[in-house]
Amino acid sequence: MSEQAIRAVWLYPELMNVYADRGNVIALRARCAEHDVECEVEHLELAGELPDDADLVLIGGGQDREQRRVAPDVQRHAARLREWHEGGVAFLAVCGGFQLFGDGYRTARGEELPGVGLFDVTTVAPPPGAERCVGDVLAETDLDGIGEVVGFENHAGRTYLGPGVRPFARVHHGWGNNGVDGTEGAVAGSALGTYLHGSLLPRNPRVTDWLIAAALRHRYGPEASTADAPPEGAYAARARAAAATAARERGRTPAD
Ligand code: GLN
């Protein structure tokens, strides 16, 4: 019987789920089981209601079409999500989800999709026909000793960080937030935004651990921890090594 439990909310699994983002939820459940932490995942779709409380919120990526559909619904929940964030709830927002959790996203057609404002970032898509930021990514983060992270990115939007946020990682191979400043994603308190699909969590168990630890702190207080974390499985280590090799061989170098 697990002594600890976390409640996660997965936003728009039907619409915001590309490049295997649902694997993040599968990996979260699996890693929680390894930590002997119970993990309950509630789904929220368009026009749904947030539960009264949560420890972790997940949102994946989507193309502009899906973002246009969910953006007004996200705004319905924005005040509550910001309140949760201020209260220490953990967040993982990937790609299109990351864009919608920043200050806003201007699409290639010039529409302004409002954001939740968790991350002090703005995203602007270049005019249609401009090069997309696509490929394997190898980056390095100083977040809690996580180190190397791998993933796959595919986005038109270029994200620029404001002073109120720090990058999640520095890109060694890949485009990252905008292809210019070498940054990847953003961290604001217990919220992590990133362009990394792949999915992210199955190949980067330390990132999963960071999210679980933040969720446990939200639920049980600052002393909560996962005690003796089991080492990542051989499968995750192999998957990460393969992705790192792909990024080294095929990924764009920031100077390209
Ligand atoms: N629509 C966004 C863009 O292209 C996000 C894409 C995604 O989530 N993969 O910038």
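Our structure is the block above this text.
The notes below deal with the structure included here. (Residues numbered from 1 in each chain as written. Predicted model: local features only at pLDDT ≥ 70, side-chain atom pairs only at ≥ 80, totals over all residues. Heavy atoms only, no water.)

Counting through the fold element by element, Thr208 comes out in helix α5 (residues 205-220). Apart from residues lying up to four places away in sequence, Thr208 is in contact with Ala27, Leu28, Arg31 and Leu201. (Helix = DSSP H or I, 4+ residues; strand = E, 2+ residues; numbered from the N terminus. Contact = heavy atoms within 4.5 Å.)

Attention now goes to the state of the cysteines. Evaluated as defined, the whole model comprises zero disulfides. With no disulfide of its own, Cys32 lies 4.2 Å from the sulfur of Cys39, the closest cysteine sulfur. The closest cysteine sulfur to the non-disulfide-bonded Cys133 is located on Cys95, 9.3 Å from its own sulfur. (Disulfide = S-S within 2.5 Å.)

Glancing now at unusual backbone geometry. In this model, Gly198 is joined to Ser199 through a cis peptide bond whose omega is 5°. Within the secondary structure layout, Ser199 lies in the loop between β14 (191-194) and α4 (200-203). Phi is positive for Tyr19, close to 45°, though the residue is something other than glycine. Structurally, the position occupied by Tyr19 is in the loop between β1 (4-11) and α1 (22-34). Backbone geometry places Asp144, a non-glycine residue, at a positive phi of 45°.

What follows concerns the site of the ligand. The environment of the ligand is formed by 16 residues, the closest being Asp64, Gln67, Cys95, Ala156 and Gly157. In this structure, Gly62 approaches the ligand through a main-chain N or O atom, which is 3.0 Å from an oxygen atom. Taking Asn154, its main chain carries an N or O atom lying 3.0 Å from a nitrogen atom of the ligand. Here the ligand loses 99% of its free accessible area of 300 Å² to cover by the protein chains. (Near = heavy atom within 4 Å. Polar contact = N/O pair within 3.5 Å; in protein donor to acceptor, adjacent residues only side chain to side chain. Areas by Shrake-Rupley, 256 points an atom, 1.4 Å probe, with all protein chains shown as cover.)

Now for the sheet that holds strand β2 (residues 37-44). Strand order in the open sheet formed by six strands is β2-β1-β3-β4-β14-β13, with mixed pairing between adjacent strands. Two strands bound the open sheet, and with one partner strand each, they are β2 and β13 (186-188). Along the sheet, successive strands turn relative to each other by an average axial angle of 15°, direction set aside. Pairing between β1 and strand β3 (residues 56-59): four bridges, direction parallel. The residue bridging Leu11 from the neighbouring strand is Ile59, located in β3. Sitting on the sheet, α1 is in contact with β1, β2, β3 and β4 (90-94), with an inclination near 160° to β2. Sheet contacts for α5: β1, β2, β3, β4, β13 and β14; angle to β1, the most-contacted strand, approximately 110°. (Pairing = 2+ DSSP bridges. Axes fitted to C-alpha atoms, helices over the stretch in contact; angles between N-to-C directions.)

For the rest of this paragraph, the subject is the packing of α1 against α5. Contact geometry of α1 with α5 gives a least axis separation of 10 Å together with a crossing angle of 75°. The angle between α1 and α5 places the two elements in the roughly perpendicular class. In contact with Ala27, Leu28, Arg31 and Cys32 of α1, α5 contributes Pro205, Thr208, Asp209 and Ile212. (Parallel < 35°, antiparallel > 145°, perpendicular 65-115°, else oblique.)

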